[in-house]
Each structure stands twice: as structure tokens, then as C-alpha cells.
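Observations on chain architecture
Listed below, chain by chain, are the residues.
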Amino acid sequence: MSEPQRANHEHRAVVPHRASDEGGRPTDSPETGTDQPAASDRISMLRRRIDEIDGQIIALWQERAAASQEVGATRIASGGTRLVLSRERVIMERYREGMGPDGTQVALLILRAGRGPLGGTESSRDRGVETS
Ligand SMILES: C=C(O[C@@H]1C=C(C(=O)O)C=C[C@H]1O)C(=O)O
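Keep in mind that what you see is a predicted model, and the values were worked out from it rather than measured.

Definitions and cut-offs
- Residues numbered from 1 in each chain as written.
- Predicted model: local features only at pLDDT ≥ 70, side-chain atom pairs only at ≥ 80, totals over all residues.
- Heavy atoms only, no water.
- Salt bridge = Lys/Arg side-chain N within 4 Å of Asp/Glu carboxyl O.
- Helix = DSSP H or I, 4+ residues; strand = E, 2+ residues; numbered from the N terminus.
- Buried < 20%, exposed > 50% of the residue type's maximum accessible area, 1.4 Å probe, protein only.
- Near = heavy atom within 4 Å.
- Nonpolar A, V, L, I, M, F, W, Y, C, P; charged D, E, K, R; others polar.
- Axes fitted to C-alpha atoms, helices over the stretch in contact; angles between N-to-C directions.
- Parallel < 35°, antiparallel > 145°, perpendicular 65-115°, else oblique.
- Contact = heavy atoms within 4.5 Å.

This part covers the pattern of salt bridges. Counted by the stated rule, this structure contains 3 salt bridges. The shortest N-O distance in the salt bridge between Glu-88 and Arg-115 comes to 2.5 Å. Of this pair, Glu-88 sits in helix α3 (residues 85–99) while Arg-115 sits in the loop between α4 (102–114) and α5 (122–128); the two residues are 27 residues apart in sequence, bridging distant segments of the chain. Judged by relative accessible area, Glu-88 falls into the buried class, the value being 11%. Given a relative accessible area of 17%, Arg-115 falls into the buried group. A salt bridge links Arg-96 to Glu-93; the nearest nitrogen and oxygen atoms lie 3.0 Å apart.

A few words on the site of the ligand. Close to the ligand lie Arg-64, Ser-68, Val-71, Arg-75, Leu-83, Val-84, Arg-87, Glu-88, Ile-91 and Leu-111, which account for all nearby residues. Elements supplying a minimum of two residues to the shell around the ligand: α2 (37–77) and α3. For the shell around the ligand, the element with the highest residue contribution is α2, accounting for 4 residues. In terms of residue class, the shell around the ligand is built from 5 nonpolar, 1 polar and 4 charged.

Following both chains from N to C, one finds α2 and α4 inclined at 55°, their axes separated by 7 Å at the closest point. For the element pair α2 / α4, the angle class is oblique. For the pair α2 and α4, contact is made by Trp-61, Arg-64, Ala-65, Ser-68 and Gln-69 and by Leu-109, Ile-110, Leu-111, Ala-113 and Gly-114, respectively. Looking at the contact of α2 with α4, its residues break down into 6 nonpolar, 3 polar and 1 charged.

This is how it looks when you write it as C-alpha cells:
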């Protein structure tokens, strides 16, 4: 066995199973889940839009987290609290109104991202919280 063949064989051995495991044709892109060409084309088109949306969501998520972290740092540097719970309640209500009950969970994750890498510990949360 030549060097490239051995490398290829080793590569295939570690690639996770996907398309053929779902009963479809082997392909380089994930299966659409249907053998009907018109449906498959429509799904592929919608997936392209979904991929664009996901990219925008991720970029917005990162931009928001950075802005929120800068607000916190600015406030602490000026002698204020890191968090303002009254403002967080307004934001959670906005997401609940816009998205239904799941919006509350989404808002909690978004607010957590804004607290940055130190935001997850009990002690760091306690130190900066406005309690009224
Ligand atoms: C960004 C701020 O600071 C914190 C973070 C918030 C957020 O991520 O939206 C909201 C309130 C504060 O706890 C702010 O006061 O606006």
C-alpha cells in the first residue's frame, strides 16, 4: 500500500457515519432527507437561507456580548455596579413577549453571554448585583 492510500484509508476510518446511515446516497453534503428532487431542491434552498441566518445570529450574539461586557466594565470603572437587574427584567420581558415562554430561556443565555468569562460563578454574580 502506498503512502497516500494508507492515509486515505486511515481518514475514512475516523470519519463519522452520516448519509449512508440515513438510507440515502453517499454525498459530500448532509442529506436533505427526501428522494423527491423538487422537495430536495426546496430544502437545499431553505438550508442556504438558514445558514445565512445562523451566521447573522452568531455575529449579533458576539457583538451584543462584547457591548454588554463593555457596559459592565465601564460602569465598574466609574464606581457603579456590574449588573442592573431592573434593566435585565425589561430585556427578559421583551424576549418573552416576542418569542413566548422560550424567550425567557433565550434571554437568560443572552444575558449570561454579556457577563463574560467571569459571569458564571456564584461569587462574581453576587459582587456586582444591584438588588433593588
Ligand atoms: C449592558 C448592561 O449591563 C448589564 C447587562 C445587560 C445586558 O446584557 O443587556 C443588562 C443589564 C445589566 O445587568 C446595561 O446596563 O445596559
